[in-house]
Each structure stands twice: as C-alpha cells, then as structure tokens.
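Residues per chain are reported as follows:
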Amino acid sequence: MSKPPGIGVTGSLTLGGQRLFDGLDLRVPAGEWTCLLGPSGVGKSTILRLILGLETGGVLDGEVTASDGAPLAPRCGYMAQEDLLLPWRDVRGNVALGADLRGEARGDVDALIARVGLAEHAGKTPRALSGGMRQRVALARTLREDRPVVLLDEPFSALDAGTRAEMQELAAEVLRGRTVLLVTHDPAEAIRLGHHVKVLTTEGLEDWPLPEGEPIRATDAPEVLSAQAALLKHLRKVRA
Amino acid sequence: MRRLDILMALVVGLSVWQVIVWLSGVPHFILPAPGRVAQTMFESREIIWENLLVTAWEVALGLVIGTGLGVATAIQLALSKTAERIMLPILVFTQAVPVFALAPVLTLWLGYGIASKIAMAVLIIYFPVTSAFYDGLRATPRGMVDLARVMGASETRLLWRVRVPHAVPSLGTGLRLAAVYAPIGAVIGEWVGASKGLGYLMLLANGRAKIDLMFAALVTLACLTVLLHWGVGKLAARLDRFARGG
C-alpha cells in the first residue's frame, strides 16, 4: 500500500438547480479516521461520491484534492451500507472481485478471508451468510483492494448492536494507518472510532471535540458516554 | 406445478371435451371425440412424427437464433448510449407491425423451405428476449456498478462479470415467453406456404375433411409447446438459482 494522502474537498455543489452545500472546506487528515455526521440529505454521501469520482447528478464548483497532489479516486476503496456482494460468487470470488474486474491475479484471498474470521466459509455464497458475516466479506474485499484511502458509507448501520461493535473493532484494526472517511448517523460510532469528528449541516461544517485518547475508545468510559450524549444533543438540534 | 396437478388438468380437460361431444351431438367431422383423436394419432403416427420433427427443428433453430440475436442486441443497447438512442425506437416500431402479416413476405423472400419458418420464429421471439434481457441489464443495482467502477473495472468487464450474471433471471423470463411464441411463429409460417410440418399437416387434413387428423396434429403441437415450455422453464429456474447463489 502506498503512503496514505490527506483529502480536501472544497467548494459548492449544485444539485437540481439548488445548492446542496456552499463554501465547503472538508479536510481529512492522512492516515487517520475522520467521521462525518449530519442530517439526512445534507450531502454526506455526495461528498463520498465526489471523492470516488462517481456521478453525483450535481455540479461541483470547487475541487477534490489529495495532499500529495496525485489523483485521488484510483487510490480509494469503498464500503457501503449494503454489502454489495455478488450473489452468484462465493466468498473467495467476492473478495477477489476487484482483481477479476481488472484482469489481475487474485493473490492470497484466503489469508484475507481468514483475517476477517471467515476461513471456514470461503466456499459459501452470500445467501448462506448472516448480515455480519456478509459485511466481513465486504471488509475483506476492501482489504484486497489495498487502497490507502477508504471511504465508508454507513457500513455497519444495518447490523445488530453486538455485531456492529465487533465490526467496528475489526475495521479499526485492519484499516489502521489508512486515511478513512466514515459517514455515519451514529454518534456513538463516531466518538468511538474517530480521530476527528465533523458535523455537516446546511450552515456548514464544524469540528466536534473528542475525548482524550486514541481510538478505538471504550464504549463505557464516562468521557466517551458524555461526548456521545453531547453529540447526539447537537445532532437533534441541527436537525430541528 | 406438480405432476398430480398436470394429470388432474389433463383428465378434466379431456372429460370436458368428451362431455361437449356427447351433449352437443356434433358430428365427428366437426368436433371429434378425444378417443377418436387418440386413435388417429396412433394410426397416423408415422406421418405425424415426420411432420413433428420438421416443426420441432424449425422451432429449435428459431429459439437458438432468436435468443442469440436478442441477447446480442440487449448487450449492444446496454453498452452503447448511441445504440440505445437509435435502436430502441426502431425496436418499438417493429412491434407495431404484426409479425403474422410478414409471413407471406418471408415466404416470398426465403422460399417454402424451413428458412422462412425459422425466420418467423426468430422474429416473434426476438423482441421479448431482447426486452427482457435488456431490462435485466439495466436493473443492475447502482451500488454494484459504482463499486465495480471504484475498483477500476472496464465497461466490458463490468458487463460480463456483473451486469450479465445479474440479468440472467430476466433472460430466463424472456426465454419462457419465447418457448410459447416460437411454435406459433413456425406454424404460421407453415400455414402460409410449406410442404412439411404440423401446420402444413393441419391445413392438409382440414382441406381433406380429416378433422380427426387435424386435431391429432393440433394436440401434437400443443404437446410440443408444453414440453418446450417445461424444458425452458427448467433452464430458466437454473439461471435464477445461479443468480441467487444456489
């Protein structure tokens, strides 16, 4: 994996004749987790699509840059709320999807599958797996891409609480050292995982203060609970 | 459909047919009883078999060629926006022309052999196969397409490794329709001008007032269609299972 760059997204985006956001200046530091929260429809996922170089349906009057000046989109991995596994491919085939799509050798996908704890399920198709296992496969697929930047769009939101906590820990471990931008609606997830937390509203982008210490933070630490509560209160306010 | 259900439907259908013959008193040269038709099928088995083979061959070739053309067209439409803009209106327009009305022209162009019947079968199944498969290709979830693009997939690999496998159940739906339509196309072609085939045999029998033979050919044609529908249904179910991951 090449050295992870930082990301900058600046400018205004017009969508269907309306300004989705104006004067945005999002800075995602290199090699760390940045969590982005905000009300639905404010443009969080659109920012991810801009960074990924995907169609947004809007016009960006601004730019998406990498701190090292090199093109960003080809260095990005992506994991969405849906696992996006191909039902006709087994776990190995899904993990190796990117390699197959580029016509490359698959490499040691079994090692990656073992790393996410699914060694015994490598030959199964997605329908034989639980929701948590499917997201593990999606994580292994992201790891196989070995990109220095990883964009996560609410990847754990459809999981039950226990599985979600496990997946957060696993993702934090295996994506350590990469530049990660996580879009989430869950204040607890953001406080737990983020080196930086930013809240995007129609008014703009604001940095949210975090408790002392490095992620991944203990869910039962008083200062973590307090930060979660404060962030939730703020999100309810900006929504209203 | 369970075998028992099929058997029950067959018994009920034949019984109704027999009861109508009994109650109406219609002469056998207008509506022969099922028993009489069965007897004729047995006695004329050689001529029926000979003509069945011709029709079956026309239908099979029509299905293969029509499916191939339909799949190729759908893929072309999915790959190229220009092709989509130009070909879609043409395809829709061609559906405004009744395929049956083309049968005399096809016979004129392709002759009285099997070529014109195959062409009829191809024409009649081409649109349903193209339309069903194209709909399937277009319905690939946006997230899957985005992910493949983020991974650096070329449009061709995206098509063959993601969109086509995702669309095979839709192709199965098109094939199910094609299995029903293809025999209709072939028989219409035979009615317009042929010297062999079940459609030709029906016309010939009708002209000679051999209504029991005409019914025997009709029942044979129905059996061929049902068998084809069953076989294609099995294939479509396999395609469906593949796309769902077994």
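Conventions and cut-offs
- Residues numbered from 1 in each chain as written.
- Chains lettered and ligands numbered in written order.
- Predicted model: local features only at pLDDT ≥ 70, side-chain atom pairs only at ≥ 80, totals over all residues.
- Heavy atoms only, no water.
- Helix = DSSP H or I, 4+ residues; strand = E, 2+ residues; numbered from the N terminus.
- Rg over C-alpha atoms; globule rule 2.2 N^0.38 Å.
- Buried < 20%, exposed > 50% of the residue type's maximum accessible area, 1.4 Å probe, protein only.
- Contact = heavy atoms within 4.5 Å.
- Areas by Shrake-Rupley, 256 points an atom, 1.4 Å probe, with all protein chains shown as cover.
- Lys, Arg positive; Asp, Glu negative; His and termini not counted.
- Charge placed at Lys NZ, Arg CZ, Asp CG, Glu CD.
- Buried area = accessible area lost by both parts, 1.4 Å probe.
- Salt bridge = Lys/Arg side-chain N within 4 Å of Asp/Glu carboxyl O.
- Polar contact = N/O pair within 3.5 Å; in protein donor to acceptor, adjacent residues only side chain to side chain.
- Nonpolar A, V, L, I, M, F, W, Y, C, P; charged D, E, K, R; others polar.
- Pairing = 2+ DSSP bridges.
- Axes fitted to C-alpha atoms, helices over the stretch in contact; angles between N-to-C directions.
- Disulfide = S-S within 2.5 Å.
- Patch = residues over 30% accessible without salt bridge, like charges linked within 9 Å, V, L, I, M, F, W, Y side chains within 5 Å.

The next thing to look at is the overall build of chain A. A count of helices and strands for chain A gives eight helices and nine strands. Relative to the compact-globule value of 18 Å for 240 residues, chain A shows a C-alpha radius of gyration of 18 Å, a close match. Once the C-alpha set of chain A is aligned to its principal axes, its extents read approximately 50 × 40 × 30 Å. Taken across its 240 residues, chain A has 54% of its residues classed as buried. Sequence separation of at least 24 residues holds for 69% of the intrachain contacts in chain A that already meet a minimum separation of 6. Of the roughly 10400 Å² of accessible surface on chain A, 48% is carried by carbon and sulfur atoms. If you average the places of the 28 positive and of the 32 negative side-chain charges in chain A, the two averages end up 3 Å apart.

To continue, consider the interface of chain B and chain A. Tallying the contact residues gives 23 residues for chain B and 23 residues for chain A. For the pair chain B and chain A, the summed buried surface comes to about 2000 Å²; carbon and sulfur atoms form 64% of the total. The largest per-residue losses of area from chain B upon contact with chain A belong to Leu147(B), Val150(B) and Met151(B), which jointly make up 33% of the total buried on that side. Put simply, chain B and chain A have one salt bridge between them. One salt bridge in this structure joins Arg49(A) and Asp146(B), with 2.6 Å as the shortest N-O distance. Our count for the chain B to chain A interface comes out at six residue pairs in polar contact (both at pLDDT 80 or more). Elements with a minimum of two residues in the side of chain B that touches chain A: helix 7 (142–150), helix 8 (155–192) and helix 10 (211–244) of chain B. Here the element with the most residues in the side of chain B that touches chain A is helix 7 of chain B; it accounts for eight residues. Among the residues making up the side of chain B that touches chain A, the classes are represented as eleven nonpolar, six polar and six charged.

Residues and elements named next belong to chain A. One open sheet accounts for six strands, arranged 5-6-7-3-8-9; its pairing is mixed. Two strands bound the open sheet, and with one partner strand each, they are strand 5 (76–79) and strand 9 (204–208). Strand-to-strand twist of the sheet, defined as the mean angle between neighbouring strand axes without regard to direction, takes the value 20°. Relative to strand 8 (residues 196–201), strand 3 (residues 33–37) is paired through four bridges, and the arrangement is parallel. Across the sheet, the residue bridging to Leu 37 is Val 199, located in strand 8. Here helix 1 (residues 44–52) sits on the sheet and contacts strand 3, strand 5, strand 6 (149–153), strand 7 (179–183) and strand 8; the angle it forms with strand 6, its principal contact strand, is near 150°. In the packing of helix 5 (residues 131–145) onto the sheet, the strands contacted are strand 5 and strand 6, and the crossing angle to strand 5 comes to about 175°.

This brings us to the side chain of Ser116(B). All names here are of chain B. Along the chain, Ser 116 falls in helix 6 (residues 114–138). Among the polar contacts made by the side chain of Ser 116, one reaches the main-chain carbonyl oxygen of Gly 113 at a distance of 3.4 Å. Excluding its chain neighbours within four sequence positions, the residues that come into contact with Ser 116 are Leu 106, Thr 107, Leu 110 and Gly 111.

This part takes up the state of the cysteines. Residues and elements named next belong to chain A. For the structure on display, the rule yields zero disulfides over all chains. The thiol of Cys 35 is not disulfide-bonded; the next cysteine sulfur, from Cys 76, is found 17 Å away. Assessed through its relative accessible area of 0%, Cys 35 is described here as buried. Note on Cys 76: relative accessible area 0%, which makes it buried.

What follows concerns a positive patch on the surface. Residues Arg3(B), Lys234(B), Arg238(B) and Arg241(B) make up a contiguous surface patch of positive charge. Among the elements that make up the positive patch, the one with the highest residue count is helix 10 of chain B (three residues).

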